[in-house]
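# An overview of the molecular structure
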Amino acid sequence: MTTAGPSTVPRSFAARHPVDAEALYARAAADRLGFWAEQARHLAWDKPFTTVLDDTEAPFHRWFPDGTLNASANCLDRHVAAGLGDRVAYHWHGEEGETRTITYAGLLDEVQRFANALKGLGVTAGDVVGIHLPMIPEAVVAMLACARIGAVHNVVFGGFAPQAVGERMAACGARVLVTVDGARRKGRVTAVKQALDETLETLPGLEHVVVVGATGAPCPMRPGRDSWYGDLCAAAGPDCPAVPLPAEHPLFLLYSSGSTAAPKGIVHTTGGYLTGVTYTHRLVFDLDPDHDVWFCTADIGWITGHSYLVYGPLANGVTSVLFEGAPDHPHKGIWWELVERYGVTQLYTAPTAIRAAMSWGEELPGRHDLSSLRLLGSVGEPINPTAWHWYHRVIGGGRCPVVDTWWQTETGSIMIAPLPGTTAKPGSAARPLPGVSAALLDADGTPVTNGTGLLTLTQPWPSMLRTLHGDDERYLSTYFSRFGKETYVVGDAARLDEDGHFWILGRTDDVINVSGHRLSTAEMESAIAAHPAVADAAVVAVPDELTGQAVVAFVTPADGRAGDAALEAELREHISVRIGKLARPKRVVWTEALPKTRSGKIMRRLLRDLVTGRPTGDVTTLGEPAVMDALTAAVAHPAH
Ligand code: WTA
């Protein structure tokens with residue numbers, strides 16, 4: 001990682017509503033619980049809390065336990081009551097360019113109707129409702145309607161295959177599933193509900209299926225079980241008061257991705273989660289709810305969509321862009337078209353998307369006026385300095401800070417990120433936010449103050465997961481067994497530099513050990529991606545008799561450059577110079593695309609399966625499953 005070109009986060013909003021970052025750090029350090037209580041009081045509570053944290057059963061923490069509130073009332077009613085009903089909550093932009101403008105008042109109306117519809121189906125507080133929808137406004141409505149009546153939503157990403165949806169519905173015991181007749185993806189329509197039908201038959205606990213009619217795709221309905229969303233809303237009463245709920249009432253379950261074991265049903269609660277997302281969204285992104293237009297490109301089916309497309313932005317009362325489509329449909333400049341059209345002020349996306357845009361060339365963003373942008377966010381994986389600089393220069397016009405935000409499904413909200421007015425180094429997520437305590441530990445649990453170690457969070461925080469659904473034991477063993485119940489083990493390795501800035505190196509399971517030397521996949525990928533002829537890269541380890549493990553690099557060349565022996569030699573030399581001879585790949589496999597989840601994470605597990613000759617495991621979470629065929633051929637028949 002390089003540390004070139006620090007950028008200072010400007011204080012546009014902070015200038016009007018000064019945020020003194022250093023004072024905030026100091027305030028939180030001096031009185032952590034008092035600080036979190038202040039953040040929680042930005043929300044509207046039906047009954048104010050008197051206890052901030054009950055940690056008597058640690059690590060099963062309870063935040064604001066005697067307070068009551070409702071998440072949907074915090075996202076909608078209080079803004080409408082404050083006279084902001086006409087403010088746009090979402091500019092929805094469909095795949096084919098259709099638009100819908102959804103105001104806070106309009107959203108509140110629809111949420112109330114659908115909440116009444118759910119009640120009509122017998123849903124009560126504590127019941128689990130599955131949601132399996134594409135990026136359409138009804139997905140937000142369904143989530144908030146659940147929150148309104150205390151039902152617990154479990155959103156399963158729209159790209160999951162029927163079997164994966166069924167497994168997650170069975171695991172959480174959902175009584176109702178909200179889905180869609182068909183979903184659009186790059187001009188094609190998939191009949192979602194019809195494809196689910198066979199799996200749904202295997203779920204005895206599932207009483208009702210609600211179907212949003214979005215595309216007119218073939219959709220057989222089973223009488224007694226299936227109903228149309230539109231019919232239910234039309235028949236439902238318009239008023240459904242939000243139910244005050246204890247702060248610790250579960251708001252949602254979300255099954256985490258990317259693990260080789262069975263998916264983990266991460267449980268988030270109402271008061272703590274909402275405090276975390278509202279606070280971080282406002283602070284980290286320098287939010288000015290009265291003027292900003294926020295664009296988070298994450299899918300609603302992942303935690304980034306939950307926290308920064310739904311709950312954070314709505315609780316803060318800002319206007320968002322909600323884009324249904326893929327970043328390259330109908331054309332590869334669509335995001336930049338949307339930025340110009342809606343006057344987007346903050347863009348929050350993932351490094352993989354930035355690298356894809358880089359490979360498509362500067363000319364596409366250059367066709368649009370991006371001058372409304374004033375801050376750029378990044379999440380999901382370490383951002384390599386090359387992508388950071390490109391994002392900063394080409395998208396941000398050199399004026400917008402790039403805010404690298406580190407967090408996880410489990411943490412609920414951003415934990416490590418630079419603050420307005422502070423300095424960020426490209427490739428580093430900077431410091432833990434005020435109120436958050438992180439430490440690096442070595443394998444023995446000794447703190448590392450300047451060097452590499454295991455990232456841990458050493459104090460509870462309001463938006464932390466409370467447990468894994470139905471599996472307290474797994475919660476304890478996954479996160480709190482290694483260093484005790486005071487220390488949450490993140491599962492990432494990181495480096496701490498002399499300024500106290502954290503550099504996330506990647507999952508600890510993505511560390512490659514070559515001849516006894518630990519190399520981070522992230523570091524190698526960043527080095528490879530820094531070569532001008534490279535658009536994207538992933539590295540995996542293969543067993544090697546001599547060195548224990550060896551590196552295989554999967555590389556997408558940039559701008560039409562051919563992957564050939566000459567480029568391979570250049571890359572090997574380049575890595576030697578950047579990291580050392582140890583990190584030189586044993587083999588380079590050229591590929592037009594890498595296998596990625598729809599949320600943009602490279603599925604290295606599949607690449608490892610390919611190069612080690614194992615049958616490839618579950619590919620249902622892949623954004624483009626066809627990528628695997630091309631890769632299988634490339635691995636079997638090297639081009640040279
Ligand atoms: C990785 C996504 C480096 C990390 C919000 C973490 C990051 C995992 C960053 C969580 C970042 C997320 N820099 N790595 N800014 N953000 N990660 O649960 O390995 O889908 O543990 O949550 O993504 O992924 P999850």
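Note that the coordinates shown come from a computational prediction; the quantities given were computed from them, not determined experimentally.

### So, the overall build of the chain
Secondary structure summary: the chain contains 20 helices and 32 strands in total. For a compact globule of 640 residues, the expected C-alpha radius of gyration is about 26 Å, and the chain comes in at 24 Å, within 12% of that figure. Here the C-alpha coordinates of the chain stretch approximately 70 × 60 × 50 Å along the principal axes. Buried residues in the chain amount to 60% of all 640 residues. Once local pairs closer than 6 in sequence are excluded, the contacts in the chain between residues at least 24 apart make up 71%. When the 54 basic and 70 acidic side-chain charges of the chain are each reduced to a single mean position, those positions are 2 Å apart.

### Re the domain arrangement of the chain
When cut into domains, the chain gives domain 1 (447–507) and domain 2 (514–636). The centre of domain 1, based on its C-alpha atoms, is set 28 Å off from the matching centre of domain 2.

### Considerations on the packing of helix α13 (residues 351–360) against helix α15 (residues 385–395)
Two numbers describe how α13 lies on α15: the axes approach to 10 Å, and their chain directions differ by 70°. By the angle between their directions, the pair α13 and α15 is classed as roughly perpendicular. Contacts from Ile354, Arg355, Ala357 and Met358 of α13 reach α15 at Thr386, Ala387, Trp390 and Tyr391. When grouped by side-chain class, the residues that make up the contact of α13 with α15 number six nonpolar, one polar and one charged.

### Quick look at the pattern of salt bridges
For the structure on display, the rule yields 32 salt bridges. The shortest N-O distance in the salt bridge between Arg225 and Glu201 comes to 3.6 Å. Placement of Arg225 in the loop between β12 (208–212) and β13 (226–228) and of Glu201 in the loop between α8 (192–200) and β12 is noted, with a sequence separation of 24 residues between them. The salt bridge involving Arg466 is made with Glu248; its shortest N-O contact spans 2.9 Å. Taken as a pair, Arg466 in the loop between β25 (451–457) and α16 (472–479) and Glu248 in the loop between β14 (245–246) and β15 (250–255) lie far apart in primary sequence, 218 residues in all.

### Re the sheet that holds strand β5 (residues 88–93)
Sheet architecture is open: seven strands sit in the order β6-β5-β18-β17-β19-β20-β21, paired in mixed fashion. The open sheet is flanked by β6 (99–103) and β21 (402–405), the only strands paired with a single partner. Direction aside, the axes of adjacent strands within the sheet are offset by 20° on average. Taken together, the four bridges between strand β20 (residues 375–379) and β21 define a ladder with parallel strand orientation. In the sheet register, Leu376 faces β21, and the bridge partner there is Val402. The strands touched by helix α12 (residues 334–342) within the sheet are β5, β6, β17 (293–296), β18 (319–323) and β19 (346–349), with β5 carrying the most contacts at an inclination of about 145°.

### Some words on the site of the ligand
Taken together, 16 residues lie around the ligand, and Asp404, Thr405, Thr409, Asp492 and Arg507 are the ones closest in. One of the backbone nitrogen or oxygen atoms of Thr405 is found 2.7 Å away from a nitrogen atom of the ligand. Here an oxygen atom of the ligand and a side-chain polar atom of Asp492 are 2.9 Å apart. Notes on the ligand: free accessible area 520 Å², of which the protein chains cover 91%. For the shell around the ligand, the elements supplying multiple residues, two or more each, are α11 (303–316), β21 and β27 (502–507).

### Describing the sheet that holds strand β24 (residues 447–448)
Spatial ordering of the open sheet is given by β24-β23-β25-β26-β27, a layout of five strands whose pairing is antiparallel. The sheet is open, and its two borders are formed by β24 and β27, each paired with just one other strand.

### Things to note about α15
Burial within α15 is extensive, with eight of its eleven residues counted as buried. Among the residues of α15, those classed as buried are Pro385, Ala387, Trp388, Trp390, Tyr391, His392, Val394 and Ile395. Where α15 terminates, the next one or two residues include Gly397, which has phi positive at roughly 60°.

Calculation notes
- Residues numbered from 1 in each chain as written.
- Predicted model: local features only at pLDDT ≥ 70, side-chain atom pairs only at ≥ 80, totals over all residues.
- Heavy atoms only, no water.
- Helix = DSSP H or I, 4+ residues; strand = E, 2+ residues; numbered from the N terminus.
- Rg over C-alpha atoms; globule rule 2.2 N^0.38 Å.
- Buried < 20%, exposed > 50% of the residue type's maximum accessible area, 1.4 Å probe, protein only.
- Contact = heavy atoms within 4.5 Å.
- Lys, Arg positive; Asp, Glu negative; His and termini not counted.
- Charge placed at Lys NZ, Arg CZ, Asp CG, Glu CD.
- Domains from an automatic or database assignment.
- Axes fitted to C-alpha atoms, helices over the stretch in contact; angles between N-to-C directions.
- Parallel < 35°, antiparallel > 145°, perpendicular 65-115°, else oblique.
- Nonpolar A, V, L, I, M, F, W, Y, C, P; charged D, E, K, R; others polar.
- Salt bridge = Lys/Arg side-chain N within 4 Å of Asp/Glu carboxyl O.
- Pairing = 2+ DSSP bridges.
- Near = heavy atom within 4 Å.
- Polar contact = N/O pair within 3.5 Å; in protein donor to acceptor, adjacent residues only side chain to side chain.
- Areas by Shrake-Rupley, 256 points an atom, 1.4 Å probe, with all protein chains shown as cover.

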